[in-house]
Amino acid sequence: MLKIKKLSLFFLITAFINSCGMFDTTVTIYGAYEYNCTTDELRVLISDDPIYPFLKKKSWYTQDEFYEAYVGHVLQPYEDVPLSESTLQEITPTLEESNSMFNEIKNYVDCENPKDVLL
C-alpha cells in the first residue's frame, strides 16, 4: 500500500511539473521576442515595439491571439465610425497576412536545434 501511495505521488508530481511548462523550449529572437517551440507561442520582450505595437509586453500569443490583436489594432481608429460590412471587410486584415507576420518573426528559429537568434 505504501508503494502504491509513493508511486501515485510520483506520477502526480511529474504531471504537475510537466503541465507548468517547466520543460518548454524557448528561443530568444534578437533580444526582442521569445518563441516557445513547445506551445507555438510568441511574446514581446521590449516595451513599445515599433513593428508590432498591438502586442503587449510579456504576454504570450498564439497565431489566433496574434490575429485578434492585429485586427483589433487596425480597426480601433474606426471604432465609432459607421461603416458598411463591405468596407469593414476591406480594411480588416486577413488571417493569411497575420500568419505571415507571425511566421516572419520566428523565421530563423530552428526548434530541432534550439539556439537564440542573435543580431
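Numbering of residues starts from 1 in every chain and runs along the sequence as written. Predicted model: local features are reported for residues with pLDDT of at least 70 only, side-chain atom pairs are reported and counted for 80 or more only, and whole-chain, interface and lining totals are derived from all residues. Excluding hydrogens and water, the side-chain values take into account all heavy atoms of the structure.

(A) Geometry of the pattern of salt bridges. The working definition used for a salt bridge is a side-chain nitrogen of Lys or Arg within 4 Å of a carboxyl oxygen of Asp or Glu. Taken as a whole and judged by the stated rule, the model has two salt bridges. The residue Glu 34 makes a salt bridge to Arg 43 at a minimum N-O spacing of 2.6 Å. Across the pair, Arg 43 and Glu 34 agree in class, each one buried. Measuring nitrogen to oxygen at the nearest pair gives 3.4 Å for the salt bridge that ties Lys 106 to Asp 40. The classification of residues rests on relative accessible area computed with a 1.4 Å probe and restricted to protein chains. Under 20% of the type maximum is buried, over 50% is exposed, and intermediate values are partly exposed.

(B) Helix 2 (residues 63-75), seen in detail. Between its first and last C-alpha, helix 2 extends 18 Å over 13 residues, near the 18 Å set by a 1.5 Å rise per residue. In this description a helix means any DSSP run of H or I spanning at least four residues, a strand means any run of E spanning at least two, and both kinds are numbered starting from the N terminus. Every buried residue of helix 2 is accounted for by Phe 66, Ala 69, Tyr 70 and Val 71. Contacts from the buried residues of helix 2 go to strand 3 (41-44), strand 4 (60-61) and helix 4 (95-105). A helix is expected to reach a length of 1.5 Å times the quantity of its residues less one. Any pair of residues with heavy atoms lying within 4.5 Å of one another is described as a contacting pair.

(C) Spatial organisation of the nonpolar core. In plain words, nonpolar cores are sets of buried Ala, Val, Leu, Ile, Met, Phe, Trp, Tyr and Cys residues tied together by side-chain atoms within 4.5 Å. Ranked by internal contacts, the top residues of the largest apolar core, which has 20 residues, are Tyr 33, Tyr 52, Phe 54 and Phe 66. Counting residues per element, the ones that place at least two in this core are strand 1 (26-29), strand 2 (33-36), strand 3, helix 2 and helix 4. Setting aside chain neighbours within four positions, we find Phe 66 in contact with Leu 42, Tyr 52, Phe 54, Leu 55, Tyr 61, Ser 98, Met 101, Phe 102 and Ile 105.

(D) Highlighting the layout of surface pockets. Grid spacing is 1 Å over the protein atoms alone, the probe is 1.4 Å, and a cavity is where that probe fits but cannot get out, while a pocket is an open set with protein on both sides within 12 Å along at least five of seven lines and lining residues have an atom within 4 Å of a point. Grid points are joined across faces, edges and corners, and a volume is the space filled by probe spheres set on the points. Taken as a whole, the largest pocket holds about 170 Å³ of empty space. Taken together, Ile 29, Tyr 30, Ala 32, Tyr 33, Ile 46, Asp 49, Ile 51, Tyr 52, Glu 104, Ile 105 and Tyr 108 make up the lining of the largest pocket. For the lining of the largest pocket, a count of residues per class yields nine nonpolar, no polar and two charged. Polar here means any residue other than Ala, Val, Leu, Ile, Met, Phe, Trp, Tyr, Cys and Pro, which are nonpolar, and Asp, Glu, Lys and Arg, which are charged; Gly is therefore polar.

(E) Structural detail: helix 4. Where helix 4 is concerned, the buried positions are Ser 98, Met 101, Phe 102 and Ile 105. Summarising the axial view, the buried residues of helix 4 lie within an arc of 95°, below the 170-degree limit, and thus occupy one face. Among the exposed residues of helix 4, those pointing more than 90 degrees away from its buried face are Glu 96 and Glu 104. Its buried side turned inward, helix 4 meets strand 1, strand 2, strand 3, strand 4 and helix 2. Here, the arc refers to the directions that run from the helix axis to the C-beta atoms.

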